[in-house]
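Survey of secondary and tertiary structure
Single-letter residue listing:
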Amino acid sequence: MRIATLTSGGDCPGLNAVIRGIVRTASSEYGSTVVGYEDGWVGLLEDRRIQLYDDEEIDRVLLRGGTILGTGRLHPDKFREGIEQIKENLENAGVDALIPIGGEGTLKGALWLHENGIPVVGVPKTIDNDVNATDYTFGFDTAVSVATDAIDRLHTTAESHNRVMVVEVMGRHVGWIALHAGMAGGAHYTVIPEVPFDIDEICKAMERRFQMGEKYGIVVVAEGARPKEGTMELKTGGIDQFGHEVFTGVGQQVADAIHERLGHDVRTTVLGHIQRGGTPTAYDRVLATRYGVHACRAAHEGKYGTVASLQGESIGLVSLQDAVGTLKVVPIERYEAAAALFG
């Protein structure tokens, strides 16, 4: 059997571990070969592929962040228009099954390919942890660890200078990174997209800390956070070519509002892409490897139209239909548990 794989969307710690899991499993359990398409769907459409071998080189990629195949995005219209070319490329390469690795957008593409007759098994990937029907996605643990380390470091400088530090973390539509990093790092207020914030409530929490003698505060803000209607205005940045909202720095705008209302020294740190770069944590290496192994086995067993899924401690399969269409958001009770620690 000949397996193909690709990585699409944003880079993410653990991608190479998935690739390694696929290659090693295909070779050792089935005697199969694996090819990788470069730069995501673009490489599949342009037939840019490389042979992936079960050798020392594939072992070493376990430690690396990013993806040895490269990644990218392709406009949905171009993707749909290229279906016949994609089928031809896969047929010419002798590919029996495709394993795309990516987030909700990539898995939507995988579902569409499956509906058009291409044998597909997906692997869920995103640092945001927002893919439905799986408990955790690889990359999330690394992103939370990076953010938590940054918050830990900001405590000391904030306390030394009697400042409020606003830390902006990734999370366009969901607040899993902000929630976990805020709780793990002992933040004094956390703002997520699922719960519109009131800037006055944030200011009250910070002011209480100064009145009680703490003299500093840490506020964690997800990049997609929004204020309650009528509380403050956020700048708008429009929509990019892929239909994604362009964010305008909610962290800095929250910091400016706190400074204007309280007069305290307020600084902003935007963690940005460092959250999804670099070496994956041990947890993400293990999870990503397990995803690769299970996806490869599913492809060999003909279980197409599915995606590998973590349920509790076990990895199984769910349908691609169940994995896409609805983002996995932070439940209100989880946020309320964190809110008990604010101030």
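Residues numbered from 1 in each chain as written. Predicted model: local features only at pLDDT ≥ 70, side-chain atom pairs only at ≥ 80, totals over all residues. Heavy atoms only, no water.

Secondary structure assignment for the protein chain yields 13 helices and 11 strands. Along the three orthogonal principal directions, the C-alpha set of the protein chain runs to about 70 × 40 × 30 Å. For the protein chain, with 343 residues in total, the buried portion stands at 53%. Long-range pairs, those at least 24 residues apart, make up 75% of the contacts in the protein chain between residues at least 6 apart in sequence. Total accessible area on the protein chain is roughly 14500 Å²; 47% of this is exposed by carbon and sulfur atoms. With 32 positive and 47 negative side-chain charges, the protein chain shows a spacing of 3 Å between the two charge centroids. (Helix = DSSP H or I, 4+ residues; strand = E, 2+ residues; numbered from the N terminus. Buried < 20%, exposed > 50% of the residue type's maximum accessible area, 1.4 Å probe, protein only. Contact = heavy atoms within 4.5 Å. Areas by Shrake-Rupley, 256 points an atom, 1.4 Å probe, with all protein chains shown as cover. Lys, Arg positive; Asp, Glu negative; His and termini not counted. Charge placed at Lys NZ, Arg CZ, Asp CG, Glu CD.)

For the rest of this paragraph, the subject is the packing of helix α8 (residues 176–184) against helix α13 (residues 332–339). When two helices pack together, their arrangement is given by the angle between the helix axes and by the axis-to-axis distance. Packing of α8 against α13 leaves a shortest axis separation of 10 Å and a crossing angle of 30°. Of the possible angle classes, the one that applies to α8 and α13 is roughly parallel. Of the two possible hands of crossing, α8 and α13 adopt the one that is left-handed. Seen from α8, the contacting residues are Trp-176, Leu-179, His-180 and Met-183; seen from α13, they are Arg-334, Tyr-335, Ala-337 and Ala-338. (Axes fitted to C-alpha atoms, helices over the stretch in contact; angles between N-to-C directions. Parallel < 35°, antiparallel > 145°, perpendicular 65-115°, else oblique. Left-handed = near helix turned anticlockwise from the far one by under 90°.)

Before going further, it helps to spend a moment on the nonpolar core. With 83 residues, the main nonpolar core has Phe-138, Tyr-189, Phe-197, Ile-199, Ile-218, Val-219 and Ile-258 as its most contacted residues. Built from parts of two domains, this core gets at least three residues from each of domain 1 (2–126 + 280–325) and domain 2 (140–277). Membership of the second largest hydrophobic core comes to 27 residues, among which are Leu-6, Val-35, Ile-83 and Ile-86. (Core = buried A, V, L, I, M, F, W, Y, C linked by side-chain atoms within 4.5 Å. Domains from an automatic or database assignment.)

Before going further, it helps to examine the domain arrangement of the protein chain. Along its sequence, the protein chain is carved into domain 1 (2–126 + 280–325) and domain 2 (140–277). At the boundary of domain 1 with domain 2, total buried surface from both sides reaches about 890 Å², with 53% on carbon and sulfur atoms. When the area that domain 1 buries against domain 2 is broken down by residue, the three leading residues are Asp-11, Pro-13 and Arg-73, summing to 43%. The interface formed by domain 1 and domain 2 includes one salt bridge. Close ionic contact of Arg-276 with Asp-11 constitutes a salt bridge, the shortest N to O distance being 2.8 Å. Across the contact surface, domain 1 and domain 2 share five residue pairs in polar contact (both at pLDDT 80 or more). Among the residues forming the side of domain 1 that touches domain 2, the class breakdown is five nonpolar, four polar and three charged. (Buried area = accessible area lost by both parts, 1.4 Å probe. Salt bridge = Lys/Arg side-chain N within 4 Å of Asp/Glu carboxyl O. Polar contact = N/O pair within 3.5 Å; in protein donor to acceptor, adjacent residues only side chain to side chain. Nonpolar A, V, L, I, M, F, W, Y, C, P; charged D, E, K, R; others polar.)

Moving on to the pairing of strand β10 (residues 306–311). Every other side chain in a regular strand lies on the same face of the sheet, so the side chains alternate between the two faces. Most of β10 is tucked away, with five of its six residues classed as buried. In this structure, strand β5 (residues 121–124) lies alongside β10, joined through two bridges in parallel fashion. Across the sheet, the residue bridging to Val-121 is Thr-306, located in β10. Adjacent in sequence and paired antiparallel, β10 and strand β11 (residues 314–319) are bridged by two residues, among which Gly-312 carries a positive phi angle near 70°. (Pairing = 2+ DSSP bridges.)

With 16 residues, helix α1 (residues 15–30) should reach 22 Å at 1.5 Å per residue; the first-to-last C-alpha distance of 22 Å fits that figure. Every buried residue belonging to α1 is among Leu-15, Asn-16, Ala-17, Val-18, Ile-19, Arg-20, Gly-21, Ile-22, Val-23, Thr-25 and Ala-26, and all of these are buried. Where α1 terminates, the next one or two residues include Gly-31, which has phi positive at roughly 65°. (Expected span 1.5 Å × (residues − 1).)

Let us now look at the environment of Met-232. Of note, Met-232 is situated in the loop between β8 (217–222) and α10 (250–262). A relative accessible area of 13% means that Met-232 is categorised as buried. Aside from chain neighbours lying at most four places away, what touches Met-232 is Phe-197, Ile-199, Pro-227, Gln-253 and Ala-257.

Bringing the sheet that holds β10 into the picture now. Overall, mixed pairing links the seven strands, which are arranged β3-β2-β1-β4-β5-β10-β11 in an open sheet. Edge positions in the sheet fall to β3 (49–52) and β11, since each has one partner strand and no second. This sheet shows a mean twist of 30° between the axes of neighbouring strands, independent of strand direction. Strands β4 (97–102), β5 and β10 of the sheet are contacted by helix α6 (residues 104–115), whose axis makes an angle of about 160° with β4.

Another point: the pattern of salt bridges. If you walk through the whole model with that rule in mind, you get 20 salt bridges. A salt bridge links Arg-60 to Glu-56; its shortest N-O distance comes to 3.9 Å. In this pair, Arg-60 and Glu-56 both sit in helix α3 (residues 56–60), four residues apart, roughly one turn of the helix. Put simply, Asp-265 and Arg-163 hold a salt bridge, and the shortest N to O gap is 2.7 Å. One end of the pair, Asp-265, is in the loop between α10 and β9 (266–270); the other, Arg-163, is in the loop between α7 (140–161) and β6 (164–169), with 102 residues separating them in the sequence. Residue Asp-265 is classed as partly exposed on the basis of its relative accessible area, which comes to 28%.

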